[in-house]
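Residue-level listing of the chains:
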Amino acid sequence: MSWLERDNESIWHPFTQLVDGFEHIMVERAEGMYLHTSDGRRILDAISSWWVNLHGHSHPKIAEAVAKQAQNLEHVIFAGFTHAPAIELAEKLLSILPDNQSKIFYSDNGSTANEVALKMAFQYWYNRGNEERKKVIAFEGAYHGDTFGAMSVGDRGPFSAPFSPFLFDVDFIPMPVKGNEDEVIQKFYQLVESDQVAAFIFEPLVLGSAGMKMYDASFLDKLINIAHDNDVICIADEVFTGFGRTGKHFASDYLENKPDIFCLSKGLTGGTMALGVTSSTADIMEAYKSTDIMKTFFHGHSFTANPIACAASIASFELLMEEDTQNQITNISHWQSEFKEKISKHPKVLNSRVLGTIFALELKTESDTSYVNEVRHKLYPFFLERNILLRPLGNIIYILPPYIIKKKELEQVYSAVEEMLESL
């Protein structure tokens with residue numbers, strides 16, 4: 001029996017229908033921009049393997065850091081103990097996060113980073129004796145993860161439908177676009193002035209899983225300002241947008257008004273392994289400084305601040321801060337903008353957009369734009385047949401490469417997109 005046959009018998013893959021005939025591709029190794037498969041193919045990873053890979057696969061600096069740390073301290077309980085990799089990583093992150101950020105709390109992934117943020121905000125009000133603050137505001141179409149708290153503040157659609165009876169109530173507001181600004185601000189005002197809102201959670205500037213939907217920093221600034229005027233905690237889910245994806249270290253760097261809590265993951269370890277971070281202001285921490293044990297933040301994970309993951313993150317951070325990487329982020333942003341201008345007037349393109357290294361185009365189809373748009377079943381294999389990994393969000397095609405990509409490789413991806421448009 002082959003490895004692929006054994007895979008089909010023993011493994012349940014995410015976001016995958018359990019039907020006969022679907023074959024997963026066996027990846028034997030990966031290096032730089034490419035996935036090397038068991039049948040000899042070399043597939044260009046143009047989506048950074050679900051947006052996590054910053055510096056290319058199997059980067060030697062990160063691999064060396066992981067190997068060195070594994071031989072020294074692989075893990076230790078993080079309640080009552082600490083270690084150098086966790087301290088160093090926290091200091092590095094705080095050096096590029098906004099100045100209002102004070103402390104780092106570790107978890108396992110993006111979803112748990114958001115769970116921590118929500119619990120942190122809820123208990124902040126509980127510790128201060130204001131238990132009326134229970135509501136959360138989020139954007140329609142949002143995605144913050146697949147655990148229950150994260151699902152609750154995400155879009156209520158096909159992904160969460162089986163679990164809807166178990167999700168807590170959230171007040172959703174439309175994503176701000178030209179023409180609805182006054183409506184959104186008015187609704188936001190009405191919600192926060194009730195003195196019942198604990199937190200406002202958002203993906204800053206880009207709603208990733210919703211189809212790379214983008215909105216203006218100036219509008220988000222207004223909402224954060226209104227929230228702060230009404231003592232509402234603002235949570236920035238930068239799991240996707242962090243570490244240079246939008247052209248700056250964080251999407252929130254485009255804002256004048258800074259969020260109170262940040263959620264980080266994905267590119268945190270350079271795509272090497274799982275790790276999550278939730279940072280907060282000193283003001284939020286004050287509500288937890290008490291001799292009353294019941295005001296303790298009772299949250300943790302078995303692998304909190306795993307030393308190997310922290311070591312990988314330190315190496316990834318150092319690579320990110322190198323001049324060559326920053327220049328590459330600028331270059332990719334420029335190349336993506338050039339392609340947007342070239343492709344935007346194509347008759348099959350409904351919309352195209354770019355922010356930093358993120359490119360997305362929306363195809364005109366007979367069905368409405370959505371993740372379940374049937375055209376995705378044609379697009380994914382179309383690109384794989386050309387040895388390019390692009391995983392469309394319904395009729396939204398996005399390109400999100402690691403920062404090591406060369407212009408020639410990116411043009412290969414662009415050519416495949418143009419070929420696809422002509423084939424339609």
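Computed from a predicted model, the values in this text were never measured in an experiment.

Bringing the domain arrangement of the chain into the picture now. Domains assigned within the chain are domain 1 (3–58 + 325–423) and domain 2 (62–320). Averaged C-alpha coordinates put domain 1 and domain 2 at centres separated by 26 Å. Every contact between the two is made by 27 residues of domain 1 and, on the other side, 27 residues of domain 2. A buried area of about 2,300 Å², summed over both sides, lies between domain 1 and domain 2, and 67% of it is on carbon and sulfur atoms. Our count for the contact surface shared by domain 1 and domain 2 stands at zero salt bridges. Our count for the contact surface shared by domain 1 and domain 2 stands at 13 residue pairs in polar contact (both at pLDDT 80 or more). The set of elements that each furnish at least two residues to the side of domain 1 that touches domain 2 consists of α2 (48–51), α11 (323–343), β13 (349–355), β14 (358–363) and β16 (396–399). Here the side of domain 1 that touches domain 2 takes four residues from α11, the largest share from any one element.

Moving on to the UniProt feature "modified residue: N6-(pyridoxal phosphate)lysine" (unreviewed entry) in the chain. Per the UniProt record, "modified residue: N6-(pyridoxal phosphate)lysine" (unreviewed entry) is found at Lys266. By the element assignment, Lys266 lies in the loop between β11 (261–264) and β12 (276–281). Setting aside chain neighbours within four positions, we find Lys266 in contact with Trp50, Trp51, Val52, Val239, Phe240 and Gly271. A polar atom in the side chain of Lys266 sits 3.2 Å from the backbone oxygen of Trp50.

Let's shift gears to the UniProt feature "binding site: pyridoxal 5'-phosphate" (unreviewed entry) in the chain. With numbering matched to this structure, UniProt assigns "binding site: pyridoxal 5'-phosphate" (unreviewed entry) to Gly110, Ser111, Asp237, His301 and Ser302. A maximum C-alpha distance of 22.9 Å is found for the annotated residues, which run over 193 residues; spatially they are spread out rather than grouped. Checked against the lining of the second largest pocket, the annotated residues just named reduce to Gly110, Ser111 and Asp237. Here Asp237 lies in strand β10 (residues 233–237). Dropping the residues within four chain positions of it, Asp237 is found in contact with Asn114, Tyr143, His144, Phe202, Glu203, Pro204 and Cys263. Mapped onto the secondary structure, His301 falls in the loop between α9 (282–286) and α10 (307–321). Here His301 falls in the partly exposed class, since its relative accessible area comes to 23%. Residues in contact with His301, not counting those within four places in the same chain, are Ser107, Asp108 and Thr112.

The next thing to look at is the sheet that holds β13. Spatial ordering of the open sheet is given by β13-β14-β16, a layout of three strands whose pairing is antiparallel. The open sheet is flanked by β13 and β16, the only strands paired with a single partner. Taken over all neighbouring pairs, the strand axes of this sheet differ in orientation by 15° on average, direction set aside. Note: β14 against β16, four bridges, orientation antiparallel. Residue Phe359 lies in a different strand from β16, and its bridge partner there is Ile399. Across the sheet, helix α13 (residues 407–423) touches β13, β14 and β16, and the angle it forms with β16 is around 165°.

Calculation notes
- Residues numbered from 1 in each chain as written.
- Predicted model: local features only at pLDDT ≥ 70, side-chain atom pairs only at ≥ 80, totals over all residues.
- Heavy atoms only, no water.
- Domains from an automatic or database assignment.
- Contact = heavy atoms within 4.5 Å.
- Buried area = accessible area lost by both parts, 1.4 Å probe.
- Salt bridge = Lys/Arg side-chain N within 4 Å of Asp/Glu carboxyl O.
- Polar contact = N/O pair within 3.5 Å; in protein donor to acceptor, adjacent residues only side chain to side chain.
- Helix = DSSP H or I, 4+ residues; strand = E, 2+ residues; numbered from the N terminus.
- UniProt positions renumbered as here; feature names shortened; annotations may be inferred.
- 1 Å grid on protein atoms, 1.4 Å probe; cavity = no way out; pocket = protein on both sides within 12 Å on 5 of 7 lines; lining within 4 Å.
- Buried < 20%, exposed > 50% of the residue type's maximum accessible area, 1.4 Å probe, protein only.
- Pairing = 2+ DSSP bridges.
- Axes fitted to C-alpha atoms, helices over the stretch in contact; angles between N-to-C directions.

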